[in-house]
Each structure stands twice: as structure tokens, then as C-alpha cells.
Amino acid sequence: MIIDIGASINSCRGDICLIYAYDTSIDNRHTQYDTMFPLKNGKNIFYNDFDDLVEKVRQYKVEKALLIHSIEHMDCPYLLLKNINANEIFIVTPNAVTNKADWIDFGHIYSFTEASIKNLIKRAKPNYQVDIFTMFNNLDLVAHAKI
């Protein structure tokens, strides 16, 4: 099973999609989005409280966890990663060194470099092997962590 922990309502790639609706206007429309973006074997689950999101994440044991352009929006990326129970974790986030758009996106709470994303994952998941790659002309970082 794959869990996608995202910040966007139209980008779920998993069997379970937990959406952190930090924009409260999204939270008020989540029933509409479940209809517009239904999942085959799962459902969109919306949270506007970070602690509720972390509690829900803790309940799932999955093969893979995806965080595609979402970790930079989370209130506490360390706490989120610490509570993910997956054999593999894939993270895509803007590269703070080369991606100038990362500095002007007011929805981003955190910015990451190759070293900082690797250190974050290693602190939260000390038993995981972590590899960092870049893509899109070094604008995005891709982190792959696995047991």
C-alpha cells in the first residue's frame, strides 16, 4: 500500500491520500474535492490541524510513503517523518540553493538543501539509508529513504 501525504488536492498518487489543508478555505470544500478527485481504492482525507495529520499518519503501516512538494508546507517535518511507518519514503522538495521560487512561495514554511533534507531524514529515521538526487536542472531535490 502507498500513502501520499500532500498539500494539494489534485495530486494524490497513493492508495490513501492525507491532505494537509493549511489553507482553511480548502478544508471547507473537502467533500467537493472527494467527488472531483476520487481515488480508486482509497479516499482523500483532509486535515487542517497538523497534530491530527500526524496522529493519522501514525496509524498506517505501508510499503511506501510519498511527500511530493509537501514537506516544505508542514508545521514540523521532523515530527511527521518520525511518525511515518513505511519501508520506503520518497520526498520531492524545492532546492533552496538553486530554486528562487522557493524563496517567494509564502506557503513554504521550510526550505531545504541537499544536506538539510538528508540530515532531517537521518534524525527522524536513523535506521534508513538515504540517497539524495536532483532533477529539473537542479531545481528540485529528490530524497529516497529505505530500511
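Residues numbered from 1 in each chain as written. Predicted model: local features only at pLDDT ≥ 70, side-chain atom pairs only at ≥ 80, totals over all residues. Heavy atoms only, no water.

Q: Teacher, can you tell me more about the environment of Leu81 here?
A: With respect to the helices, strands and loops of the structure, Leu81 is situated in helix H4 (residues 77-83). Sequence separation between Leu81 and Leu67 is 14 residues, and the spatial gap between their C-alpha atoms is 9.8 Å. Discounting chain neighbours no more than four positions away, the residues touching Leu81 are Ile71, Ile89, Ile91, Leu120, Ile121, Ala124 and Lys125. (Helix = DSSP H or I, 4+ residues; strand = E, 2+ residues; numbered from the N terminus. Contact = heavy atoms within 4.5 Å.)

Q: Is there a simple way to explain helix H6 (residues 114-124) in this structure?
A: Side chains of residues three or four places apart in an α-helix project in the same direction, reflecting 3.6 residues per turn. The set of residues buried in H6 consists of Ile117, Leu120, Ile121 and Ala124. Looking straight down H6, one finds that the buried residues subtend no more than 95° of arc, so they occupy a single side. In this structure, the buried residues of H6 make contact with H4, strand S5 (85-94), strand S6 (129-135) and strand S7 (140-146). (Buried < 20%, exposed > 50% of the residue type's maximum accessible area, 1.4 Å probe, protein only. Arc of directions from axis to C-beta.)

Q: Help me understand unusual backbone geometry, please; the structure alone is not making it clear to me.
A: Glycine aside, negative phi is the norm for most residues, and most peptide bonds take the trans geometry. Despite not being glycine, His69 has its phi angle at roughly 50°, a positive value. Counting through the fold element by element, His69 comes out in the loop between strand S4 (61-68) and H4. Classification of His69 as partly exposed rests on a relative accessible area of 31%. Look at Asn138: it is not a glycine, yet its phi comes out positive at around 70°. As for its position among the elements, Asn138 is in the loop between S6 and S7.

Q: Just to check I follow, could you spell out the side chain of Asn95 for this structure?
A: Assignment of secondary structure puts Asn95 in the loop between S5 and helix H5 (101-104). Apart from residues lying up to four places away in sequence, Asn95 is in contact with Phe112, Thr113, Thr134, Asn138, Leu139, Asp140 and Leu141.

Q: I would appreciate a short explanation of the pairing of S5 in the present structure.
A: Note on strand geometry: in a regular strand, side chains alternate between the two faces of the sheet. For S5, the buried fraction is high: seven of the ten residues fall into the buried class. The pairing of S4 with S5 spans seven bridges and is parallel. Residue pairing across strands places Lys64 opposite Glu88, the latter belonging to S5. With respect to chirality, the unit in which S4 leads through H4 into the neighbouring parallel S5 is right-handed. (Pairing = 2+ DSSP bridges. Right-handed = clockwise from strand over helix to strand, strands pointing away.)

Q: I would appreciate a short explanation of the pattern of salt bridges in the present structure.
A: Pairing is possible between side chains that carry opposite charge, provided their charged atoms lie close to one another. A full pass over the atoms with the stated rule returns two salt bridges. Glu55 is the salt-bridge partner of Arg58, the closest N and O atoms lying 2.5 Å from each other. Placement of both Arg58 and Glu55 in helix H3 (residues 50-58) is noted, with a separation of three residues, approximately one turn of the helix. A relative accessible area of 41% places Arg58 in the partly exposed class. Under the relative-accessibility criterion, Glu55 is labelled partly exposed at 38%. Between Glu88 and Lys64 there is a salt bridge, and its shortest N-O distance comes to 3.4 Å. Note that Glu88 is positioned in strand S5 and Lys64 in strand S4, a separation of 24 residues in sequence. (Salt bridge = Lys/Arg side-chain N within 4 Å of Asp/Glu carboxyl O.)

Q: Is there a simple way to explain the environment of Gln129 in this structure?
A: The residue Gln129 is located in strand S6 in this model. Looking at Gln129, the relative accessible area reads 43%, which means it is partly exposed. Taking C-alpha positions, Gln129 is 9.5 Å from Glu88, a pair spaced 41 residues apart along the chain. Look past the residues within four positions of Gln129 in its chain and what remains in contact with it is His144, Ala145 and Lys146. Within the structure, the side chain of Gln129 is placed 3.2 Å from the side chain of Asp131, a separation counted as a polar contact. (Polar contact = N/O pair within 3.5 Å; in protein donor to acceptor, adjacent residues only side chain to side chain.)

Any functional reading would require information that these geometric values do not contain.
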